[in-house]
Each structure stands twice: as C-alpha cells, then as structure tokens.
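Understanding the architecture of this molecule
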Amino acid sequence: MGDGNNETDVATEALVFMVVGLQGHWKAPIAYYLTKSLSPETQRVLLSHALEELHARGIRVVSVTMDGHASNVSMCNQLGCELKGNPQEPLKTSFPHPSTGDKVFVMMDACHMLKLARNMLQAYSPIATTTGQIKWRFINHLNDVQKKDGLHAANKITDKHVYFENHKMRVSLAAQTLSRSVSVALRTMRDLRYLSVIGFVINIDTLMLMIPELLQVQRYVLTYRFSQDHLELLFNSIRASGGWNNNPSARQFQAIFRRLMVRCGVSPSETGNVAAQDHTVSLSAVEMSSAETAEEHPSPFANISAVVSDHSYLPTRFGLVENALVYIAGFVVRQILRKLSCDVCRASLVRDAVPSSFDESYHLLALKNNGGLVIPSKGTVKVLRAAERVIRQASTRQAPKVSTVTYIVREEIGTEDVFQLGEHIEETQFGIDNHYSNLGMARQVFY
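Summary of the structure given here.

Parameters and conventions
- Residues numbered from 1 in each chain as written.
- Predicted model: local features only at pLDDT ≥ 70, side-chain atom pairs only at ≥ 80, totals over all residues.
- Heavy atoms only, no water.
- Pairing = 2+ DSSP bridges.
- Helix = DSSP H or I, 4+ residues; strand = E, 2+ residues; numbered from the N terminus.
- Axes fitted to C-alpha atoms, helices over the stretch in contact; angles between N-to-C directions.
- Contact = heavy atoms within 4.5 Å.
- 1 Å grid on protein atoms, 1.4 Å probe; cavity = no way out; pocket = protein on both sides within 12 Å on 5 of 7 lines; lining within 4 Å.
- Points joined across faces, edges and corners; volume = space filled by probe spheres on them.
- Nonpolar A, V, L, I, M, F, W, Y, C, P; charged D, E, K, R; others polar.
- Parallel < 35°, antiparallel > 145°, perpendicular 65-115°, else oblique.
- Left-handed = near helix turned anticlockwise from the far one by under 90°.

Looking now at the sheet that holds strand β3 (residues 63-66). On the basis of which strands lie adjacent, the open sheet formed by three strands has the order β3-β5-β4 and mixed pairing. The open sheet has two edge strands, β3 and β4 (94-96), and neither has a second partner. Pairwise comparison of adjacent strand axes, ignoring direction, gives a mean angle of 25° for this sheet. Two elements, β4 and strand β5 (residues 103-108), share three bridges in a ladder whose sense is antiparallel. Within β5, the position partnered with Pro-96 by the bridge is Lys-103. Together, β3, β4 and β5 form the strand contacts of helix α2 (residues 70-79), whose direction differs from that of β3 by roughly 160°.

Here is the structure:
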C-alpha cells in the first residue's frame, strides 16, 4: 500500500486494518500504513476508504474495534459518533457508513481498556467518586496481607500485579487485578474491619442507655463488670485443672466445674492473656449457701497458671485467613464428595447454607457464592484449620509429610465427633464397610 515514494521521516508505527468474520471462522488483514504519526483526520479518511473498498467487494461491516487512544476517540467523533467524557451526557456509539448510510458501531478493545484502567488507577490514585475514593493502595495492602498470612482469599494478586512496570503488556495481570475476585476480597477486608469496630459502637449505645437507669438505684457503675473476662478466667481454671489435657470432655468438664463450685474461687496467674482488672472473687456453692463457712475452703487452683489459648484478637489473621480456609474447605469437600458414596457421610461434610447467625469466617464464601459453591460444615472447617496450623508451624524449608499432618490432626481432634455422625459411626465401625475409617481416609485429601 502507498505510492512507494521515498520519505525523509522514518516510520515508527504501523496502522493495520483487519477484517474478522462474524459468521464462519475466518479473518484477514486488508491494509497497512507505515507512519511516524497520524492525525485523527487522516485516520478518518483511511477508515472511510477501507469501508468503501469492502462495500464494493460485497462485505458488510457492522462494527469497528480499536484501542482507547485519544486519537481514535477523536476520529470516531469526526465520523459522527458522540463519545464524550461527561457521564451525564448520552453516548452515540455509531456513525453512518460512507457508502450505504447504515449504522457502523464502534467498540474499544476490552483487553486494552483493562490495561488502561489499571494504569490509570495506579497513576492517578486516589480517584474520587460519588460514593467515595478508589485507591490503588487497597490492592497493594491486599497483596501485603496475603503474603504475610500465606493464603490467598480466592484471588490471584501477587507482586507482579502490584508492581507491573515490567509486565505492562500482559492483559491477564490487568484482568486479574480488576477482577470480581479482587473486589470480593477487598469487600471482605472492609466488612471485617467494620465488624471489628461495630462492637464498640454497640457498647457505647448500650452504656449510654443503660447507665442512667442504673444510676437511679446505685451510686456508680463499674463497666468492667460487663466484661467477658470473668468467664474467660473461669475457663482458664477449667483448662488448667485438666493437666496436660486442655480440651476436657463433657464428663471431665462436669467434674471440674463441680470442684470449682464446691471449693472457692478462681485465681489465675498474672502472665495470662486475660488478667483480672479488679478484685472480684468467684462465689463457691458453699458461699452462696452460707457466707459464714466460706473461708474454710481455700481455692485448690490458686497457684495454677492459666493462659488463654483458644482466642485470637488479631483481626487480620482471623479475618482473611479464616475466610480463605472456609473457601478452600468448600473446594476440598467438592473433591472428597467424588470419593464418598454414603449419603450420611457426604451430608456431614457440607451444610445447606451459610450460618444464619452471621459467622465472619464464612463472609468471603457468601460474597463469592452465586449458588454453585460448596458450603463446608463446621467440622470440615475444624479439620482443615487444624491441618493448616500444623503445616504453618512446620519448617518453611520442607513441607511436612502427609502422614505426619494426618497423625497430628487426628491426635488433636481425638475422639471428638467433629462431623456429628453420631450413631452412624457405631453402626459401621465394626463392619467390613467401616465408614469412620473411610471418612478418615477421605480427609487425607485435606492435607
């Protein structure tokens, strides 16, 4: 194409026209123009000429696709489109065919627009909207949290997505950065941050309404009395009294509780995660019935060190990792269900819906679920959580063996019926078809 004359300027770009069939599997380049630069007016002339030549050969063009460069937008406006930057004004995304007058629509290449949107967000962040600000640092923070915790909240964000200067042409990175999965992960982090502070708002409202009523019948109010620390201190002593076993059975719990009630009080150590903030003492059963004889029963737990070990107050760890574990558990259960034939065992691994009483750890799954995801049972999540803890605590240089993880998880869970199979285990455990063992073998897929 062109007249073949020598030019003084060296071409640095090539404008190429290609036709792609909407019916049938064919495509063909029809022209190219080597240039140093092209004005929108020149582009308009060249495109109109291409449309006329195609029409003369019986080819109907219904749409023209291009990238989102400003010169292309200007060319479309010159052809008859109305592509304006004001979102309040309606768009006209077609222009009349130069030969027939039929509508020829224009489209901006979706892949190029994804990269352009990603680049704009990174370069011009924060971007103000009617509902708030869009900030690139949110994506950066998501990547940092996921790297620190070692799990991804059902998205593919990595350093390559955040620091993309050497990968600007990779469409997949831009698409994954601006994907729904990243949006859901960011919403999960936002919602969990909201849930971590909403409790304070609830407490403030409650105290403002309750304290005036209490002050009508008493001189002052000690707000520490509304703390759950008192219950946690009781649990400390219950766990500590079990010696090496800090997870007592129901029978052991009853026995320890009776001993605590018959004897007096709970005196945890000062080194535990929960330390008493006042001198409130626990009444024993004797004290509740006869205050005069209370001093005759010293506490047998006064010198026992009590440490809280089953509560984490780290919102990032609890929020993102727990949500990721629940999401992964659903995927793992889907694989396990292919190996199980017993309907009772299959039902024990799943639940019908996300817990109605809102469980923070199911939030990511609830946001991503459009009806096709598997919702794991609480027992399933408990097993996966134990396995994840074993793997995380192992050496970073070498992953632990499956047999090691399986043994430690089984030791930790013990005889607890985490899948709530109840009598079904007793019905099958002595037969050839041992469902308890089969389910245990299937659980190895977790690891």
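Within this model, the second largest pocket holds a volume of roughly 1,200 Å³. For the lining of the second largest pocket, the secondary-structure elements that each account for two or more residues are β1 (13-20), β2 (27-35), α1 (40-56), β3 and α2. Per-element tally for the lining of the second largest pocket: the top contributor is β1, with eight residues. Here the residues of the lining of the second largest pocket are counted per class, giving 21 nonpolar, nine polar and three charged.

This part covers the packing of helix α14 (residues 378-393) against helix α15 (residues 402-413). Pairs of packed helices are described in terms of their axes, by the angle between the two and the distance that separates them. Relative to each other, α14 and α15 sit at 125°, their axes nearing to 9 Å. Classed by the angle they form, the pair α14 and α15 counts as oblique. Here α14 and α15 pass one another in a crossing that is right-handed. Across from Val-383, Ala-386, Ala-387, Arg-389, Val-390 and Ile-391 in α14, the residues of α15 making contact are Val-405, Ile-408, Val-409, Glu-412 and Ile-413. Split into classes, the residues belonging to the contact of α14 with α15 amount to nine nonpolar, no polar and two charged.

Remember that the coordinates give geometry; whether it matters functionally is a separate question.
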